[in-house]
Amino acid sequence: MEQRKKYLGKVYLVGAGPGDPGLMTLKGKALLECADVVIYDALVSPQILAMINPQAEKIDAGKRMGRHSLLQEETTYLLIEKAQTEAIVVRLKGGDPFVFGRGGEEMEDLVKAGVSVEVVPGITSGIAAPAYAGIPLTHRSYSSSVTFVTGHEAAGKYRPAVNWSAIAHGSETIVIYMGVHNLPYIAEQLQIAGLSGETRVGLVRWGTRPEQQELYGTLGTIVKLVEENQFGAPAIAIIGSVVNLHSILSSCRP
Ligand code: SAH
């Protein structure tokens, strides 16, 4: 009780969605509009940053591979510090805070420090980017299961290490976050596990934003195509026969 009295404020862990400002939740937007402090990540789109209360203090905690503006511990410390002095502190993260967003870790640290904290989910890029490309992750004729997985396991960020063989056998649609860099390894592992080289692969970069780009191939061809097209992060990879549907369904988007 004594410790909680120290904190006037509350931290809201808010998901900003994948980029299209229309995909921001009403609850998240309302919090941005009345926040005292907003600490945001690199993948949050400029239109969403523009929703922030003009009087609020804005802090860029952006982290992209190889570029660190704030270390994770520094971000957590800053959140705790701000919660001591400010009423509404928003921790704004791309997509959904609890899907490969370190939201769980941050929330745990805040709870341990006695800070009041609440999560506001966002639309994750692993759902929105395929949707905007015309790829339904499940479909009664093609896929009744979907797995979300990180392709960035090499750095040891997520534990336990991904079992690509189990994923190849266990799911009809595979959605990979942070997978472009490791795609040669992943495509190889999935084929070793028994998936055909003909298995369809779609990559969606900057999904839901005006600059959205897509690249289509197969497990056998995608690595070469990525090189040829210099297709880089941030992108979502979708693997499975649902990828074929993009040729019919993408035409429905304005
Ligand atoms: N919490 C986020 C994921 C953060 S991990 C979410 O729920 O979406 C960062 C990875 O997310 C990127 O490497 C990329 O794979 C994916 N990503 C984020 N925004 C994206 C976008 N607009 N289009 C495609 N992929 C995106």
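Computed from a predicted structure; not experimentally measured.

Colleague: Now, about helix 6 (residues 125-132): what can you tell me, with residues and values included?
Modeller: Of the residues making up helix 6, those classed as buried are G126, A128, A129, P130 and Y132. Residues of helix 6 that are buried in the fold lie against strand 8 (146-150), strand 9 (173-177), strand 10 (200-205) and strand 12 (235-239).

Colleague: Just give me the short version of the domain arrangement of the protein, but keep the residues and values in it.
Modeller: When the domains of the protein are assigned, the result is domain 1 (10-120) and domain 2 (125-252). Its C-alpha centre places domain 1 at a distance of 27 Å from the equivalent point of domain 2. Contacts between the two partners involve 15 residues from domain 1 and, on the opposite side, 18 residues from domain 2. Here domain 1 packs against domain 2, burying approximately 1,200 Å² in sum over the two surfaces, 63% of which is carbon and sulfur. Connecting domain 1 to domain 2 are 0 salt bridges. Seen at the junction of domain 1 and domain 2, the total is 4 residue pairs in polar contact (both at pLDDT 80 or more).

Colleague: With reference to specific residues and values, describe the sheet that holds strand 6 (residues 88-93).
Modeller: Strands pair in a sheet through their backbones, by hydrogen bonds, and they do so in one of two ways: parallel or antiparallel. Across the sheet, which stays open at both edges, the 5 strands sit in the order 3-2-6-1-7 with parallel pairing between neighbours. Whereas interior strands pair on both sides, the edge strands pair on one side only; in this sheet they are strand 3 (57-60) and strand 7 (116-120). Averaged over all pairs of adjacent strands, the angle between their axes in this sheet comes to 20 degrees, without regard to strand direction. Summarising the sheet, strand 1 (residues 10-15) and strand 6 pair through 6 bridges and their orientation is parallel. Opposite V11, over in strand 6, you have V89 as the bridge partner.

Conventions used here
Residues numbered from 1 in each chain as written. Predicted model: local features only at pLDDT ≥ 70, side-chain atom pairs only at ≥ 80, totals over all residues. Heavy atoms only, no water. Buried < 20%, exposed > 50% of the residue type's maximum accessible area, 1.4 Å probe, protein only. Helix = DSSP H or I, 4+ residues; strand = E, 2+ residues; numbered from the N terminus. Contact = heavy atoms within 4.5 Å. Domains from an automatic or database assignment. Buried area = accessible area lost by both parts, 1.4 Å probe. Salt bridge = Lys/Arg side-chain N within 4 Å of Asp/Glu carboxyl O. Polar contact = N/O pair within 3.5 Å; in protein donor to acceptor, adjacent residues only side chain to side chain. Pairing = 2+ DSSP bridges. Axes fitted to C-alpha atoms, helices over the stretch in contact; angles between N-to-C directions.

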